[in-house]
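Overview (structure and organization)
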Amino acid sequence: MTQRLAPAATTLFGHAALDGDISVLPRIFEEAINLAVLTRPLPADIVLSAQAQCQTDRAWQFSWLGEVDEAFTADLRRHLPAPEAGDALIDDVSTIASAIAFLFETETVGVRLRLLDSAMCPRFHCDNLPVRLVSTYVGPGSEWLPAHAVNRAGLGAPRPERPDIVTDPSAIQTMANGDIALIKGSGWVGCEERALVHRSPALAPGEKRLLMTIDPA
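Residues numbered from 1 in each chain as written. Predicted model: local features only at pLDDT ≥ 70, side-chain atom pairs only at ≥ 80, totals over all residues. Heavy atoms only, no water.

As a further point, take the nonpolar core. If you look at the biggest cluster of nonpolar residues, it comprises 42 residues, and the most contacted ones within it are V93, Y137, L182, L210 and I214. Considering every element that reaches this core, the biggest residue donor is helix α3 (residues 87–103), with nine residues. Counting residues in hydrophobic clusters, the runner-up holds 13 residues, among them L12, L18, V134 and I183. (Core = buried A, V, L, I, M, F, W, Y, C linked by side-chain atoms within 4.5 Å. Buried < 20%, exposed > 50% of the residue type's maximum accessible area, 1.4 Å probe, protein only. Helix = DSSP H or I, 4+ residues; strand = E, 2+ residues; numbered from the N terminus.)

Our focus in this paragraph is the packing of aromatic side chains. Scanning all chains against the criterion turns up five aromatic pairs. Their ring planes at 50 degrees and their centres at 5.9 Å tell us that F29 and W188 sit as a pair that is tilted. Of this pair, F29 sits in the loop between β3 (16–19) and β4 (35–38) while W188 sits in the loop between β10 (180–184) and β11 (197–199), placing them 159 residues apart in sequence. Residue class for F29 comes out partly exposed when judged on its relative accessible area of 42%. Under the relative-accessibility criterion, W188 is labelled buried at 16%. Aromatic side chains W64 and F72 sit 5.6 Å apart centroid to centroid with 70 degrees between the ring planes, which places their arrangement in the edge-to-face category. According to the relative accessible area criterion, F72 is buried, its value standing at 0%. (Phe/Tyr/Trp six-rings, centres within 6.5 Å; stacked < 30°, edge-to-face > 60°.)

Our focus in this paragraph is the pattern of salt bridges. A full pass over the atoms with the stated rule returns six salt bridges. As a salt-bridge pair, R78 and D75 come within 3.0 Å of each other at their nearest N and O atoms. Of this pair, R78 and D75 both sit in helix α2 (residues 70–79), three residues apart, which is roughly one turn of the helix. Residue R78 is classed as exposed on the basis of its relative accessible area of 59%. Salt-bridge contacts for R77 lead to D87; the nearest nitrogen and oxygen are separated by 2.9 Å. With a gap of 10 residues between them, R77 in helix α2 and D87 in helix α3 connect regions that are remote in the sequence. (Salt bridge = Lys/Arg side-chain N within 4 Å of Asp/Glu carboxyl O.)

Moving on to the layout of surface pockets. Of the volumes computed, that of the largest pocket is approximately 190 Å³. Along the walls of the largest pocket sit 14 residues, with M120, C121, R132, H198 and T213 positioned nearest its centre. For the lining of the largest pocket, the elements supplying multiple residues, two or more each, are β7 (131–138), β11 and β12 (209–216). At three residues, β12 tops the list of elements feeding residues into the lining of the largest pocket. Taken together, the residues that form the lining of the largest pocket break down as four nonpolar, five polar and five charged. (1 Å grid on protein atoms, 1.4 Å probe; cavity = no way out; pocket = protein on both sides within 12 Å on 5 of 7 lines; lining within 4 Å. Points joined across faces, edges and corners; volume = space filled by probe spheres on them. Nonpolar A, V, L, I, M, F, W, Y, C, P; charged D, E, K, R; others polar.)

Here the focus is the state of the cysteines. Summed over all chains, the structure comprises zero disulfides. Between C126, a free cysteine, and C191, which holds the nearest cysteine sulfur, the sulfur-to-sulfur gap is 8.2 Å. (Disulfide = S-S within 2.5 Å.)

It is worth spelling out the pairing of strand β5 (residues 60–66) at this point. Alternating positions in β5 separate cleanly, W60, F62, W64 and G66 being buried on one face and Q61, S63 and L65 remaining unburied on the opposite face. By the bridge criterion, seven bridges tie β5 to strand β6 (residues 109–116) in an arrangement that is antiparallel. Note on β6: the bridge partner recorded for W64 is V111. (Pairing = 2+ DSSP bridges.)

The subject of this paragraph is the packing of helix α1 (residues 44–53) against α3. At a minimum axis distance of 7 Å, the contact between α1 and α3 shows a crossing angle of 105 degrees. Judged by the angle between their axes, α1 and α3 are roughly perpendicular. When α1 is examined against α3, the residues D45, I46, S49, A50 and Q53 are found in contact with a partner set consisting of D87, A88, L89 and D92. Classifying every residue of the contact of α1 with α3 gives four nonpolar, two polar and three charged. (Axes fitted to C-alpha atoms, helices over the stretch in contact; angles between N-to-C directions. Parallel < 35°, antiparallel > 145°, perpendicular 65-115°, else oblique. Contact = heavy atoms within 4.5 Å.)

Residue pairs spaced three or four apart in an α-helix point in one direction, given the helix's 3.6 residues per turn. Residues I46, S49, A50 and Q53 constitute the buried set of α1. Looking down the long axis of α1, one finds its buried residues gathered within 95 degrees of arc, a one-sided arrangement. Set apart from the buried face of α1 by more than 90 degrees, the exposed residues are A44 and L48. Structurally, α1 contributes buried residues whose contacts are with α3, β6, β7 and β12. (Arc of directions from axis to C-beta.)

Given below as structure tokens:
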């Protein structure tokens, strides 16, 4: 059974920072931290705007690499399944993407929104990049493992001789809708062997997940 992060905690397991204040996100630059999570309840207008984009039977995703400007918001609106209900979602995505660009001192970010009906990365893994923002608008959030519950010898392509990655299934942690998480990957200098181990959640039949990821470029 997965566990929900305790909202009162500031640092968990010695490597995960969690807070309801945006000041938690810069903690990703601390050497010991490989996960920084801004916990937030999604406002009702964003919930409704996001849910409206899920009322489609077609596979849908949006990708952008560039500045967060008027061209970005216009392109996102054009690609939404329900653009007439998109204002709150567009504003939220733009605000988060701009904040990440500011935090990492870059003008270019890679933004992707995906509407999923199955787990995108169902096996626990580490990202092969420096850092990625992950946030779920609709559906279950990403799952991750504390360092003490990981056998890193099991990471990589599954093979019969590889051991299980998870040493303590009861330690699996789950992010909530609205949480904004910065995840260090193995491409972060100094974190090659300490990248966060995480996975996409399983979805029930008929369940959908609206996922956003942002990569500073």
